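# Coordinates in review
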Amino acid sequence: MALEPRAIERAVLAWYDREARALPWRAPPKERQDPYKVWLSEIMLQQTTVKAVAPRYIDFLRRWPDVAALARAELGEVLAAWAGLGYYARARNLHACARAVAGEHGGDFPDTEAELRKLPGIGAYTAAAIAAIAFGKRATAVDGNIERVMARLFAVERPLPAAKKELKALAESLTPETRAGDFAQSLMDLGATICTPRRPACGLCPVRPACRGYAQGVAEQLPYKEEKAPRPTRRGVAFVVLREDGAVLLRTRPLKGLLGGMLEVPSTPWEETAPTKTARAAHAPVDLPWQDVSGRVEHTFTHFHLELCVVRAVVPEGVALLEVAEPERCRWLTMRELPGAALPTVMRKVLAHAFEAKAKRRAPKKQASKTRASKTRASPVRRSEDRRSA
Ligand code: SF4
């Protein structure tokens, strides 16, 4: 097979008709999907795996079955339902977009890429995916999987991200007039199941006869990538205030910026130099005798790595919050409320670290030393390579 676009299109679509993945947000091949479902799934899938998204998507859809229902929700509810998925700006935009569709478009998503891109949180990729998959328009959605397939199919040597435009143009050259949505989804599936980052299963690939990367024996090395600058490390101190009944003091983060609108354990600013004693005292939410919790919590965001020391203090039940800095942003959450709260993963790690220290203190001596021994063998650090961010 030569690199003839229509031959590639036919081969990929025939493969998709046989092998399409059954995903909760998918319509079967040759059928259009509800734009709300396409939009919701595409936003959820950004920077997050299919495995992580599938159950959360089903929960979201059960709770907010259409765009009008999501528009009626409070932002706090949406953020809480999003907790743990990372990149929390997506949740804020999701809510804003639902309100814009309900308020300005009569509850119907616009059907062109240009109009879709005017909505909050919808960029070039998502607009093309909705236009193609939900409205059958000839539009080319290019995600990381499709970039990889294009780089290999055409043996593109220019590294990413500089090659992005070229890879998009190549995908556009293959996009058919009809079934553009199925074509995009077939390439996504091809990248996810056959043309995988490591050890592509070229023997099973419907476009192998046309693949230059395969023919040249360089498929697995492609796409080339420019070296990334190392992530800086930021440091801070997190202040866990516990009430005797187990409630914990949390603060709402400002709406704009990293983890915007989510709940947090109050902390010093996160900076490259560790906070001084003076900074610790200045940023403590309340004046209490703080105890250091041994070890530290680590979390990796997209642009930086975070190391947090944790200090904790226990206050008697019923204590007033009058002395707390910024009381309008602070509130107590009970243990029963914590699982459903809008707490990002990094803050859940901080709380788990502090609770673990509390449990160890309460444990009888024998058991405490046993726990300490086993933990020491594991790691004193809560480490994560979670690449999700806000
Ligand atoms: Fe990818 Fe191999 Fe198929 Fe080429 S032949 S597109 S490298 S799976």
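Below or above, wherever it landed, is the structure these notes cover. (Residues numbered from 1 in each chain as written. Predicted model: local features only at pLDDT ≥ 70, side-chain atom pairs only at ≥ 80, totals over all residues. Heavy atoms only, no water.)

## Side note on empty space enclosed by the protein
Worth spelling out the cut-off: Here a cavity is any set of points on a 1 Å grid over the protein atoms alone where a 1.4 Å probe fits but cannot get out, and a pocket is any open set with protein on both sides within 12 Å along at least 5 of 7 lines; a residue lines the site when it has an atom within 4 Å of a point. Grid points are joined across faces, edges and corners, and a volume is the space filled by probe spheres set on the points. Numbering goes from the N terminus for both helices and strands, where a helix is a DSSP run of H or I of at least four residues and a strand is a run of E of at least two. Under the grouping applied here, Gly and all other residues not named as nonpolar or charged are polar, the nonpolar ones being Ala, Val, Leu, Ile, Met, Phe, Trp, Tyr, Cys and Pro and the charged ones Asp, Glu, Lys and Arg.
As enumerated under the stated definition, the model contains 3 cavities of 30 Å³ or more in all. Its boundaries defined by the atoms lining it, the largest cavity holds a volume of some 110 Å³. Around the largest cavity, the lining is made up of 15 residues, and of these C195, C202, C205, V207 and C211 lie nearest the centre. A total of 3 residues in the lining of the largest cavity trace back to one element, the largest contributor, which is helix α9 (residues 144-153). For the lining of the largest cavity, the per-class residue count stands at 13 nonpolar, no polar and 2 charged.

## Side note on the site of the ligand
Where we set the bar: Throughout, near means a residue has at least one heavy atom within 4 Å of the molecule or strand. A pocket or cavity is taken to hold a molecule when more than half of that molecule's atoms are within 2 Å of the pocket's grid points.
Within the structure, the ligand sits among R152, I194, C195, C202, C205, V207, R208, C211, Y214 and A219. With respect to the pocket detection grid, the ligand is positioned in the largest cavity. Residue composition of the shell around the ligand, by class: 8 nonpolar, no polar and 2 charged.

## Focus on the pattern of salt bridges
Using the following cut-off: We define a salt bridge as a side-chain nitrogen of Lys or Arg found within 4 Å of a carboxyl oxygen belonging to Asp or Glu. A 1.4 Å probe rolled over the protein chains alone gives each residue an accessible area, and that area as a share of the maximum for its type sets the label: buried under 20%, exposed over 50%, partly exposed in between.
Following the criterion strictly, the structure yields 22 salt bridges and no others. Note that E172 is salt-bridged to K168, the shortest N-O span being 3.8 Å. With a gap of 4 residues between them, E172 and K168 both fall in helix α10 (residues 164-174), about one helical turn apart. Judged by relative accessible area, which is 27%, K168 ranks as partly exposed. With its nearest N and O atoms 3.1 Å apart, the salt bridge here joins E298 to R296. Within the structure, one salt-bridge network assembled from shared partners comprises D17, K30, R179 and D182.

## Some words on the pairing of strand β5 (residues 305-315)
For the record, the criterion: Only strands that DSSP links by at least two bridges are regarded as paired with each other.
In terms of burial, β5 is a largely internal element, 9 of the 11 residues being buried. Where strand β1 (residues 233-243) and β5 come together, 11 bridges link them in parallel fashion. Residue pairing in the sheet places L242 in a bridge with V314 of β5. Here strand β4 (residues 291-300) runs beside β5; their pairing, made up of 7 bridges, is antiparallel.

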